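# Examination of the molecular architecture
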Amino acid sequence: MGVPKFRAKQIFRQLHIKRVFDFSDMTELSKQFQAELKERFYINLPKIEKRLDSCADDTVKYLYRLSDGACIETVRMVYHHGVTACISTQVGCKMGCKFCASAPLGFVRNLTPSEMLGQIYGTDADFPPEQQISGIVLMGIGEPLDNYENVMQFLRLISCKEGRNLSLRHIALSTCGLVPMIGRLAEEQLPLTLSVSLHAADNETRNALMPVNRRYPLEELLSACGDYFRKTGRRITFEYAVIAGENDSAAAAKQLGKRLRPVFPNQRPHVNLIPVNPVAGTGFQAGHAEAFRNLLAQEGVNATVRRTLGEDIKVACGQLRRDTVEETEESVVSTIEGVSGL
């Protein structure tokens, strides 16, 4: 446009600090420049389609509608240490995990960095400044490492000192185990927390629950986790949905301990246990997470049972979905075989 570079900083500040999303309201800019921007560009924010408040706690679920009509879900959770947002990184998911509500509806597309930011800014706008989001988990709809470039750009923007300036130490990224991308993430040397969804201690069970394991079996995944730890020095958290009769036996605990102890030879591995949440059509029932935690302790594995929030509005782990989207043949065709590089 032939304008001075400082104008870009002005626009960035308006968007990311002052949260002004209409060029006409950007008072730092001249009226002429506002008009030029409005003529050539537009600010594309997700729109809140529906808000559901939990009766049990302070959890809030948002259904966001994107500019192309697609929908995603975002969750706002209140803890003693602050407010955490669980955001989506894709419209739908390719991974096909059997206990997840997103899987049956298939994959549509990746989210852009602005659509990820929009979930944070849109949710923040619903609350006063003292109740703003202080932590983020990339654990909503989609596999973050399958949308790698856009997720990395989102992390750069959300942590930019001239903008939102949220420390990456307050961000957790969850993956079902895309081994090459875990290696690539290690090279970034980011101070975020990596969470790896295991949900099984042997390949046969994990193949049945998580199709990605057929491409990247546990041996390769845990080797990549060990490499990640050695390169970054940052501990990995393992997620484990406890499913009655599937993965909650004493034998499973013993096998899990045997697999995890060598990954971090100088410290005890840590596992977040999640009693599997009800999802229509799966038939899965929650196992006894406390009993399984005690079994893991005997195997030298630290484990905590994750507190369930917002169960009455279906925001617990595995329950998010693109709720109002019409299910069509086109939107359901993508499965695990469609992942790049598989």
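Refer to the structure printed above.
## Examining the overall build of the chain
Secondary structure summary: the chain contains 10 helices and 12 strands in total. Sequence separation of at least 24 residues holds for 67% of the intrachain contacts in the chain that already meet a minimum separation of 6. In the form shown here, the chain has an accessible surface area of approximately 15,800 Å², with 51% of it arising from carbon and sulfur atoms.

## Digging into the pattern of salt bridges
Side chains carrying opposite charge are able to pair once their charged atoms draw close together. Using the criterion set out here, one finds 20 salt bridges in the structure. Of the charged contacts, one joins Glu-28 and Lys-18 as a salt bridge, the two residues approaching to 3.3 Å between their closest N and O atoms. Taken together, the residues span a long stretch of sequence, with Glu-28 in the loop between helix H1 (6-16) and helix H2 (31-40) and Lys-18 in the loop between H1 and H2 at a distance of 10 residues. For Asp-22, the salt bridge goes to Lys-38, with nearest N and O atoms at 3.9 Å. Pair noted here: Asp-22 is in the loop between H1 and H2 and Lys-38 is in helix H2, with a separation of 16 residues, a long-range link.

## Focus on the pairing of strand E7 (residues 135-138)
Neither face of E7 is exposed, since Gly-135 and Val-137 on one face and Ile-136 and Leu-138 on the opposite face are all buried. Relative to E7, strand E4 (residues 82-86) is paired through 3 bridges, and the arrangement is parallel. Opposite Cys-86, over in E7, you have Val-137 as the bridge partner. Bridge count between E7 and strand E8 (residues 171-175): 3 bridges; the pairing is parallel. What sits directly across from Leu-138, in E8, is Leu-173. As a crossover connection, the stretch from E7 through helix H4 (residues 148-158) into E8 is right-handed.

## Details of the nonpolar core
By size, the foremost hydrophobic cluster in this structure holds 80 residues, and its most contacted members are Ile-120, Ile-136, Phe-154, Leu-155, Leu-198, Phe-238 and Leu-273. In this structure Phe-154 touches Ile-87, Pro-113, Met-116, Leu-117, Ile-120, Ile-136 and Leu-138, once residues within four positions along its chain are discounted.

## Re the side chain of Ser-88
Along the polypeptide, Ser-88 turns up in the loop between E4 and strand E5 (90-92). Taking relative accessible area as the criterion, Ser-88 reaches 0% and is therefore assigned buried. Within the local environment of Ser-88, its side chain forms a polar contact with the backbone nitrogen of Ile-141, the two atoms lying 3.0 Å apart. Dropping the residues within four chain positions of it, Ser-88 is found in contact with Ile-72, Glu-73, Leu-111, Met-116, Gln-119, Gly-140 and Ile-141.

## A short note on the packing of aromatic side chains
Evaluation of the coordinates by the stated rule reveals 5 aromatic pairs. Plain terms: the ring middles of Phe-21 and Tyr-121 are 6.2 Å apart, the flat faces sit at 25° to each other, and that makes the pair stacked. You can see Phe-21 sitting in the loop between H1 and H2 and its partner Tyr-121 sitting in helix H3 (residues 113-124), a full 100 residues away along the chain. For Tyr-121, a relative accessible area of 5% corresponds to the buried category. Centroid distance Tyr-62 to Tyr-64: 5.9 Å. Interplanar angle 25°. Geometry classified as stacked. Given the relative accessible area of 0%, Tyr-62 is considered buried. The side chain of Arg-76 reaches across the aromatic face of Phe-127, ending 3.5 Å from its centre.

## Focus on H2
Every buried residue of H2 is listed here: Phe-33, Gln-34 and Leu-37. Seen end-on, H2 carries its buried residues on one side only, within an arc spanning 105°. Facing away from the buried side of H2 by more than 90 degrees, the exposed set consists of Lys-31, Gln-32 and Glu-39. Buried-residue contacts for H2 involve H1.

## Things to note about the packing of helix H5 (residues 179-188) against helix H7 (residues 218-232)
Put simply, H5 and H7 touch, their axes get as near as 9 Å, and they point 0° apart. Between H5 and H7, the crossing angle belongs to the class labelled roughly parallel. For the pair H5 and H7, contact is made by Val-179, Ile-182, Leu-185, Ala-186 and Glu-187 and by Glu-220, Leu-221, Ala-224, Tyr-228, Lys-231 and Thr-232, respectively. Class assignment for the residues of the contact of H5 with H7 results in 7 nonpolar, 1 polar and 3 charged.

## Brief notes about the sheet that holds strand E12 (residues 302-305)
Where strands meet in a sheet, backbone hydrogen bonds hold them as pairs that are either parallel or antiparallel. As summarised here, the arrangement of the 10 strands in space is E1-E2-E3-E4-E7-E8-E9-E10-E11-E12, forming an open sheet in which the pairing is mixed. What marks the edges here is a single partner per strand, and that holds for strand E1 (47-53) and E12. Between one strand axis and the next, the sheet turns by 25° as a mean value, whatever way the strands run. Helix H9 (residues 289-298) contacts strand E10 (236-242), strand E11 (270-275) and E12 of the sheet and is inclined by roughly 170° relative to E12.

## What about unusual backbone geometry?
Positive phi is not limited to glycine here, since Arg-19 has a value of about 55°. With respect to the helices and strands, the residue Arg-19 is situated in the loop between H1 and H2. Of note in this structure, Asn-165 is not a glycine but carries a positive phi near 55°. Structurally, Asn-165 can be placed in the loop between H4 and E8. On the accessibility criterion, Asn-165 (44% relative accessible area) is partly exposed.

Each value, and the rule that gives it
Residues numbered from 1 in each chain as written. Predicted model: local features only at pLDDT ≥ 70, side-chain atom pairs only at ≥ 80, totals over all residues. Heavy atoms only, no water. Helix = DSSP H or I, 4+ residues; strand = E, 2+ residues; numbered from the N terminus. Contact = heavy atoms within 4.5 Å. Areas by Shrake-Rupley, 256 points an atom, 1.4 Å probe, with all protein chains shown as cover. Salt bridge = Lys/Arg side-chain N within 4 Å of Asp/Glu carboxyl O. Buried < 20%, exposed > 50% of the residue type's maximum accessible area, 1.4 Å probe, protein only. Pairing = 2+ DSSP bridges. Right-handed = clockwise from strand over helix to strand, strands pointing away. Core = buried A, V, L, I, M, F, W, Y, C linked by side-chain atoms within 4.5 Å. Polar contact = N/O pair within 3.5 Å; in protein donor to acceptor, adjacent residues only side chain to side chain. Phe/Tyr/Trp six-rings, centres within 6.5 Å; stacked < 30°, edge-to-face > 60°. Lys NZ or Arg CZ within 6 Å of the ring centre and 35° of its normal. Arc of directions from axis to C-beta. Axes fitted to C-alpha atoms, helices over the stretch in contact; angles between N-to-C directions. Parallel < 35°, antiparallel > 145°, perpendicular 65-115°, else oblique. Nonpolar A, V, L, I, M, F, W, Y, C, P; charged D, E, K, R; others polar.

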